[in-house]
Amino acid sequence: MSAEQHKVGLSSTEIAGLWTTYINDSMSICISKHFLHHANNEDVKPIIAKSMALSEQHLKEIAQILQKENCPIPVGFSDEDVNLNAPPLFFDLFPLSYVYGMSRMGLVSYGLFLSNVAREDIRSFFSQCLVSTKDLYNEAIQLFLTKGIYDRPPMIPYPDHVEFVSKKETFISKWFEQKRPLNVLELSEMFFNIERNYFGLVLLTGFIQVTKDETIQHYLKKGKDLAHKQIQFLNHTLIKEDLMGSIMVNSEVSTSTVSPFSDKLMMCLITMLNTQGVSFIGHALSVSSRIDLASEYLKLIPEILQYGKDGTDILIDRKWLEEPPHAPNRKELAKI
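Parameters and conventions
Residues numbered from 1 in each chain as written. Predicted model: local features only at pLDDT ≥ 70, side-chain atom pairs only at ≥ 80, totals over all residues. Heavy atoms only, no water. 1 Å grid on protein atoms, 1.4 Å probe; cavity = no way out; pocket = protein on both sides within 12 Å on 5 of 7 lines; lining within 4 Å. Points joined across faces, edges and corners; volume = space filled by probe spheres on them. Helix = DSSP H or I, 4+ residues; strand = E, 2+ residues; numbered from the N terminus. Nonpolar A, V, L, I, M, F, W, Y, C, P; charged D, E, K, R; others polar. Patch = residues over 30% accessible without salt bridge, like charges linked within 9 Å, V, L, I, M, F, W, Y side chains within 5 Å. Areas by Shrake-Rupley, 256 points an atom, 1.4 Å probe, with all protein chains shown as cover. Salt bridge = Lys/Arg side-chain N within 4 Å of Asp/Glu carboxyl O. Contact = heavy atoms within 4.5 Å. Phe/Tyr/Trp six-rings, centres within 6.5 Å; stacked < 30°, edge-to-face > 60°. Buried < 20%, exposed > 50% of the residue type's maximum accessible area, 1.4 Å probe, protein only. Lys NZ or Arg CZ within 6 Å of the ring centre and 35° of its normal. Expected span 1.5 Å × (residues − 1). Core = buried A, V, L, I, M, F, W, Y, C linked by side-chain atoms within 4.5 Å.

### Re empty space enclosed by the protein
Empty pockets left among the atoms are what a rolling probe the size of a water molecule brings to light. All chains considered together, the criterion is met by one cavity of 30 Å³ or more. The volume enclosed by the largest cavity comes to roughly 250 Å³. What lines the largest cavity is a set of 16 residues, among which Arg-196, Asn-197, Gly-200, Leu-273 and Asn-274 lie closest to the centre. Among the elements of the structure, α6 (184–210), α7 (214–240), α8 (263–287) and α9 (291–317) are those that each provide at least two residues to the lining of the largest cavity. The element that contributes the greatest number of residues to the lining of the largest cavity is α6, accounting for five residues. Class assignment for the residues of the lining of the largest cavity results in nine nonpolar, six polar and one charged.

### Let's talk about unusual backbone geometry
Residue Asn-70 is not a glycine yet carries a positive backbone phi of 60°. Among the structural elements, Asn-70 can be located in the loop between α2 (45–68) and α3 (94–116).

### Structural notes on a nonpolar patch on the surface
Among the surface-exposed residues, Ile-156, Val-184 and Leu-185 lie close enough to one another that they form a single nonpolar patch of about 270 Å² accessible area. Tracing the chain through its elements places Leu-185 in helix α6.

### Some thoughts on the environment of Phe-113
Of note, Phe-113 is situated in helix α3. With 13 residues separating them in the primary sequence, Phe-113 and Phe-126 have C-alpha atoms 7.0 Å apart. For Phe-113, the contacting residues outside a window of four places in its chain are Gly-17, Thr-20, Thr-21 and Phe-126.

### What to know about the layout of surface pockets
Reported here for the largest pocket is a volume of approximately 1100 Å³. In terms of lining residues, the largest pocket is bounded by 41 residues, among which Thr-20, Asn-24, Ser-109, Met-272 and Gln-276 are the most central. Going through the elements one at a time, α1 (12–38), α2, α3, α4 (120–147), α8 and α9 are the ones with two or more residues in the lining of the largest pocket. With 11 residues, the top contributor of residues to the lining of the largest pocket is α3. Of the residues in the lining of the largest pocket, the class split is 20 nonpolar, 18 polar and three charged.

### Focus: the packing of aromatic side chains
With the rule as written, the count across this model stands at 15 aromatic pairs. Arranged with centres 6.1 Å apart and planes meeting at 40°, the rings of Tyr-98 and Phe-199 form a pair that is tilted. Within this pair, whereas Tyr-98 is found in helix α3, its partner Phe-199 is found in helix α6, the two being separated by 101 residues in sequence. In this pair, the class of Tyr-98 matches that of Phe-199, namely buried. Considering the side-chain rings of Tyr-100 and Tyr-137, the 5.8 Å spacing of their centres and the 20° angle between planes classify their relative orientation as stacked. Of the two residues, Tyr-100 is situated in helix α3 and Tyr-137 in helix α4; the sequence distance between them amounts to 37 residues. By the ring-pair criterion, three or more aromatic residues cluster together here, those being Phe-35, Phe-90, Phe-94, Tyr-98 and Phe-199. Directly above the aromatic system of Phe-77 lies the positively charged group of Lys-264, at a separation of 5.0 Å from the ring centroid.

### Section: α9
Because each turn of an α-helix spans 3.6 residues, side chains separated by three or four positions in sequence point in the same direction. Given a rise of 1.5 Å per residue, 27 residues ought to cover 39 Å, and the 40 Å separating the end C-alpha atoms of α9 matches this to within 8%. Immediately downstream of α9, the backbone of Lys-319 shows phi near 60°, a positive value.

### Observations concerning the pattern of salt bridges
Taken as a whole and assessed by the stated rule, the structure comprises 14 salt bridges. One salt bridge in this structure joins Lys-33 and Asp-79, with 2.6 Å as the shortest N-O distance. Linking Lys-33 in helix α1 with Asp-79 in the loop between α2 and α3, this pair joins segments that are 46 residues apart in sequence. For Arg-290, the salt bridge identified is with Glu-241, shortest N-O distance 2.8 Å. Residue Arg-290 is found in the loop between α8 and α9, and its partner Glu-241 is found in the loop between α7 and α8; the two are separated by 49 residues along the sequence. The class of Arg-290 is buried, set by a relative accessible area of 1%. A relative accessible area of 25% means that Glu-241 is categorised as partly exposed. Each of Glu-69, Arg-119 and Asp-121 takes part in one network of salt bridges that share partners.

### Remarks on the nonpolar core
Looking at soluble globular proteins, one finds that nonpolar side chains tend to be buried together. Grouped together as the largest cluster of nonpolar side chains are 74 residues, with contacts concentrated most on Phe-90, Leu-203, Phe-207, Leu-269 and Tyr-297. When residues of this core are traced back to their parent elements, those giving at least two are α1, α2, α3, α4, α6, α7, α8 and α9. Looking at this core, the element that brings in the most residues is α6, giving 12 residues. What Tyr-297 contacts, discounting residues up to four positions off in sequence, is Met-190, Phe-233, Leu-234, Ile-281, Ala-284, Leu-285 and Ser-288.

Written as structure tokens, this is what we have:
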């Protein structure tokens, strides 16, 4: 039987990847429109435009796939969620940080989606997403380097020989023993979690400034406190190890109090970033063998999860949470 004759429908994993990508890219288009509308830096404009064009292409391709399968197209976000008449909320270089941060997360997400799908056209779609996002990420990094504003991870002397662990107690660094120096796996995770939280702080600072909803403002302030807590712990650990703490260079927010985005978009973006935060902290935990690091990560994960639940509750209360496609409730269907 030929591949043409044997047509397989979309699996739940394939629908999940397409649905998530559609929601996230429709949100990204709104944010890119605001950035592009106010962009004054001629070096940054093209990368914002490219990011928006990629998102628009993704929406078009996903809509075509779903229509062929007679699946509903998600609502996502639209021009109703962005106000181009609002003044710029962030300074000129933050859009570059946004493209960099979101493309980094996109590389992780698309890699995961690609590894979980099987149908040829869906594999092709996510393969293209991965390649184009990789190119966007590289362009953002190169522009950072050109402008001299890329905040590099901590540098250490090159190793001059290969070592094997000889003492289990020293490697794991129990509570009452002298802690060994941080290894490169732990340092890498710490740096990028600091960077990710600084990125979140900038967004949260801007969103707190422009929302007029007290409930949402209170929620965003809690998120800011949680991001500060993570940065403080990670930076303090680096400083104790005689390694300089990481500082984000272009983290300025304008003085505008007019929101360029709907409260729905701001809440959904922060909730999405919080979900990613759970994954990144979990990964940091998985490669950290020093007990002080592992213990702190274990404390943070429930707090991040609770913050995510609080955000989801607000989205549900406001009827802003678009429900992912789900399996039928067989128990309900079986009722007479």
